[in-house]
Amino acid sequence: MSRYGYEVDSETDVDNIEGSAQSSAEQGHLGTESTEERLLPAEAFSLLGNDTRIEILQAMVDADADATPVGFTELFERVDIVDSANFNYHLQKLTGHFIKQTEDGYEFRHPGRKVVSSIFAGTLTDRAQVGFFPVDGTCHSCDGDLHGWYVDEVLTIACVDCTTVLVRYPFPPGGIDERTPSELLQAFHHYVRHHYCMAADGVCPECTGPVETEPVYDPSESDTFDVTVEHTCQRCGYDLQSSVGVNLLDNAEVLMFHSERGVDLSTEPFWHFEWCVSDKHTTVLSEDPLRLRIDIRCDGDELQIVLDDTLSVIETTRDDARSE
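Before going into details, it helps to say that this report is about the structure given with it. (Residues numbered from 1 in each chain as written. Predicted model: local features only at pLDDT ≥ 70, side-chain atom pairs only at ≥ 80, totals over all residues. Heavy atoms only, no water.)

So, the overall build of the protein
Tallying secondary structure elements over the protein gives nine helices and 15 strands in all. Evaluated residue by residue, the protein yields a buried proportion of 40% over its 324 residues. Long-range contacts, defined here as pairs at least 24 residues apart, represent 45% of the contacts in the protein between residues at least 6 apart. Surface exposure of the protein reaches about 17,700 Å², of which carbon and sulfur atoms provide 46%. (Helix = DSSP H or I, 4+ residues; strand = E, 2+ residues; numbered from the N terminus. Buried < 20%, exposed > 50% of the residue type's maximum accessible area, 1.4 Å probe, protein only. Contact = heavy atoms within 4.5 Å. Areas by Shrake-Rupley, 256 points an atom, 1.4 Å probe, with all protein chains shown as cover.)

Quick look at the pairing of strand β4 (residues 105–108)
Inspection of the sheet shows strand β3 (residues 99–102) paired to β4 by four bridges, in the antiparallel sense. In the sheet register, T102 faces β4, and the bridge partner there is G105. Taking the residues between adjacent antiparallel strands as the criterion, β3 and β4 are bridged by two residues. (Pairing = 2+ DSSP bridges.)

Thoughts on the sheet that holds strand β10 (residues 227–233)
Taken in spatial order, the three strands make up an open sheet running β9-β10-β11, and their pairing is antiparallel. The strands lining the two open edges of the sheet, one partner per strand, are β9 (211–217) and β11 (239–242). Taken over all neighbouring pairs, the strand axes of this sheet differ in orientation by 15 degrees on average, direction set aside. Judged from the four bridges that link them, β10 and β11 form a sheet pairing that is antiparallel. Note on β11: the bridge partner recorded for H231 is L240. (Axes fitted to C-alpha atoms, helices over the stretch in contact; angles between N-to-C directions.)

Here's the deal with the sheet that holds strand β15 (residues 313–319)
Spatial ordering of the open sheet is given by β12-β13-β14-β15, a layout of four strands whose pairing is antiparallel. Each edge of the open sheet is held by one strand with a lone partner, namely β12 (282–287) and β15. Neighbouring strand axes in the sheet, compared pairwise and without regard to direction, differ in orientation by 15 degrees on average. With seven bridges joining them, strand β13 (residues 290–298) and strand β14 (residues 301–307) adopt antiparallel strand pairing. Paired with C298 across the strands is D301, a residue of β14.

Some thoughts on the state of the cysteines
Under the defined criterion, the tally for this structure stands at zero disulfides. No disulfide involves C139; its nearest neighbouring cysteine sulfur is the one of C162, lying 3.6 Å away. Summary of cysteine pairing: C197 is not part of a disulfide, and the nearest cysteine sulfur, belonging to C276, is at 9.3 Å. (Disulfide = S-S within 2.5 Å.)

Concerning unusual backbone geometry
Residues D288 and P289 are joined by a peptide bond in cis, for which omega reads 0 degrees. For P289, the position within the fold is in the loop between β12 and β13. Look at D143: it is not a glycine, yet its phi comes out positive at around 65 degrees. Tracing the backbone shows D143 in the loop between β5 (130–138) and β6 (145–151). With relative accessibility at 61%, the residue D143 sits in the exposed group. Of note, L311 is a non-glycine position whose phi angle comes to about 70 degrees, a positive value.

Here we look at the packing of aromatic side chains
Considering all chains together, one arrives at eleven aromatic pairs under this definition. Through a chain of ring-to-ring contacts, three or more aromatic side chains come together here, namely Y169, F171, F188, Y191, Y196, F270 and W271. (Phe/Tyr/Trp six-rings, centres within 6.5 Å; stacked < 30°, edge-to-face > 60°.)

Let's talk about the nonpolar core
Core analysis: the largest hydrophobic core is formed by 47 residues, its most contacted members being F188, F270, W271, W275 and I296. With near-sequence residues (within four places) excluded, I296 lies in contact with L248, V254, F257, H258, W275, D301, E302, L303 and I305. Ranked by size, the runner-up nonpolar core spans 22 residues in total, among them L57, L75, L91 and F108. (Core = buried A, V, L, I, M, F, W, Y, C linked by side-chain atoms within 4.5 Å.)

Comments concerning the side chain of S242
Examined against the element boundaries, S242 turns out to sit in strand β11. At 3.0 Å, the side chain of S242 forms a polar contact with the side chain of N247. (Polar contact = N/O pair within 3.5 Å; in protein donor to acceptor, adjacent residues only side chain to side chain.)

Some thoughts on the pattern of salt bridges
By the definition in use, this model includes ten salt bridges. One salt bridge connects D250 with R193, and the closest N-O pair in it is separated by 3.8 Å. On the criterion of sequence distance, the pair formed by D250 in the loop between β11 and α8 (252–259) and R193 in helix α7 (residues 181–200) is long-range, its members being 57 residues apart. Under the relative-accessibility criterion, R193 is labelled buried at 13%. For R318, the salt bridge goes to E253, with nearest N and O atoms at 3.4 Å. Residue R318 is located in strand β15, and its partner E253 is located in helix α8; the two are separated by 65 residues in the primary sequence. (Salt bridge = Lys/Arg side-chain N within 4 Å of Asp/Glu carboxyl O.)

Remember, this is a structural readout, not a statement about activity or role.
Written as structure tokens, this is what we have:
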């Protein structure tokens, strides 16, 4: 996978940029060609494969470079190195893709801040493991108790009795630090929900690139769902697979339907809802073109949502038992 740094130096000819942007707009896309600079993965790891450079990035965090550019002297004093020329060598290696130099000092570019955030989150350094712990709720298949565990940066929630897995998803090790099991599960809910909602909206959770979404009906090939929703980023290749229902957690009609019945989908763990973690409530209305209906039940009432082959909502119907 590749990563890109978008940068415009202070000396850049603004007129040229505007002209390029106008030309690109006329072609129907954003004008990033003139400022896009490719940094191959091997080059990125090579640049970061040095303790002094990581210390420089850490020093920028400690000096609050997010708020105010940090001067050369202050950075030098914060890093454990005695030779200013050697320090400047490593600083310049980071400048361009990870750090930006301004008249007032040095500040982060997005890739540099991302590296630091990943280190703090533990995604590049930690290997944590958490044994079985109880999880509120019951299994949708057998009403058995639930438990969770965390191994190899993946959090799993499954049934104690029938071993049905409700959710299994990567989660940064930093997410388990200083949290109780209930706090961990709430953070996990928000993290996973956020990822799927972003992907369903066409934005990659990893690089913010464009995501293509496709529901695939192939019960012979799937181990979990007859209909599997596949999200694929066209920029970095990041991909997600899920049931149909979890992609509707941010749908206005679904949110309102539950809110009217005292359920807040933004805080209630999504694995508590069978329509989110299985396709038992998903019906294939037609295969060509693919049309799906998902039946969502709450407090005795039902909301039916019909989706097309891009997972766009084309019809909603309510069956309110209380109004009968």
